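Residue-level listing of the chains:
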Amino acid sequence: MSLELTTSSKIANYLLQIKAIKLETEKPFQWSSGIYSPIYCDNRIVLSFPKIRKLICDCFVEIIKKKYSDTELVAGVATGGIGMGMLIAEKLDLPFVYVRPQAKKHGRKNQIEGLIKKNIKAIVIEDLISTGKSSLNAVDALKKQKVNVIGLISLFSYELEDAKKNISKSGLNYCSLSNFSDLIKIALSTNYINTKQKEEIFKWRLNPQKWKEAN
């Protein structure tokens, strides 16, 4: 490949290779929210590939050491952020918890699983950011328990405007290892998609809710 790859591009390339991300404009995927999308992302597949898993874990750890060196707790967003979050916590020798979308309706009725302490500084790990709502829901759950959330890091971001607005409004410090822009560059350079498909995918990103209606 002649394209010089950034870390983000390398990760995007790996995600395409192992089919953690699929691109399909003719037969779009339906998200749980009801939105139809030409992109489907399941980054949990990364856990089945040791070399790629290690590379991605190391990238998370590097960012945490550089930007969030005072991290005392790693919190994974269920379910996608659990596996990678545990690996990161192990690498940093830090405690780990995970956050459910909502509290269980039985047993101890926990939303957060694991031991937390008031004012502990936590970094939140997410596999994927679409609108950002599920991630911010996890952040809010931690804050309600007096956890000091110092940042959010995702493996991949669709770079949707809704997510930018939601995260910006929250005031949370956020970054992503890889993103939509680098994914499309890699997909085009490797002939995974053609120019027409690229244009269609960009149309989707401009208005995901209305994209299928326009096709």
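This text gives an overview of the structure that appears in the document. Everything numeric in this text was worked out from a predicted model, so none of it was measured. (Residues numbered from 1 in each chain as written. Predicted model: local features only at pLDDT ≥ 70, side-chain atom pairs only at ≥ 80, totals over all residues. Heavy atoms only, no water.)

Some remarks on the side chain of Thr 131
The condition is simple: A helix here means a DSSP run of H or I that spans at least four residues, while a strand means a run of E at least two residues long, and both kinds are numbered starting from the N terminus. Each polar contact in these results corresponds to two N or O atoms within 3.5 Å; when the atoms are within protein, one needs to be able to donate a hydrogen and the other to accept it, and residues that are neighboring in sequence are counted only if both atoms are side-chain atoms.
Locating Thr 131 in the fold gives a position in the loop between β8 (121-129) and α4 (133-144). Among the polar contacts made by the side chain of Thr 131, one reaches the main-chain amide nitrogen of Lys 133 at a distance of 3.4 Å.

So, the side chain of Glu 113
Filter applied, for reference: Working definition: with a 1.4 Å probe on protein chains only, accessible area under 20% of the residue-type maximum means buried, over 50% means exposed, and in between means partly exposed. Contacts: residue pairs with any heavy atoms within 4.5 Å of one another.
Assignment of secondary structure puts Glu 113 in strand β7 (residues 112-113). Residue Glu 113 is classed as buried on the basis of its relative accessible area of 16%. If sequence neighbours within four positions are ignored, Glu 113 has contacts with Val 97, Tyr 98, Arg 100 and Lys 104.

Observations concerning the sheet that holds strand β10 (residues 174-179)
Rules: Two strands pair under a simple rule: DSSP has to find at least two bridges between them. Working convention: axes come from line fits to C-alpha atoms, limited for helices to the stretch in contact. Angles between N-to-C directions cover 0 to 180 degrees.
Taken in spatial order, the six strands of this open sheet run β7-β6-β5-β8-β9-β10, and their pairing is mixed. The open sheet terminates on both sides in strands that have one partner only, identified here as β7 and β10. Both strand β6 (residues 96-99) and β7 contribute to a ladder of two bridges, which runs antiparallel. The partner of Tyr 98 across the bridge, within β7, is Glu 113. Sheet strands touched by helix α1 (residues 7-17): β9 (148-157) and β10. Its angle to β10, the strand with the most contacts, is close to 55°.

Regarding the packing of aromatic side chains
To be explicit about the condition: Think of it this way: a Phe, Tyr or Trp ring, Trp meaning its six-membered ring, pairs with another when their centres are within 6.5 Å, and the plane angle makes it stacked under 30 degrees, edge-to-face over 60, tilted otherwise.
Across all of its chains, the model carries six aromatic pairs by this definition. Here the aromatic rings of Tyr 158 and Trp 204 are separated by 5.8 Å at their centres, their planes lie at 70°, and the arrangement is edge-to-face. You can see Tyr 158 sitting in the loop between β9 and α5 (161-170) and its partner Trp 204 sitting in helix α7 (residues 195-206), a full 46 residues away along the chain. For the pair Tyr 158 and Trp 204, one class covers both residues: buried. Centroid distance Phe 180 to Phe 202: 5.2 Å. Interplanar angle 80°. Geometry classified as edge-to-face. Of this pair, Phe 180 sits in helix α6 (residues 180-189) while Phe 202 sits in helix α7, placing them 22 residues apart in sequence. A relative accessible area of 0% places Phe 180 in the buried class. What makes Phe 202 partly exposed here is its relative accessible area of 29%. Members of the aromatic cluster, joined through ring pairs, are Trp 31, Phe 156, Tyr 158 and Trp 204.

That is the geometry; function is a separate question.
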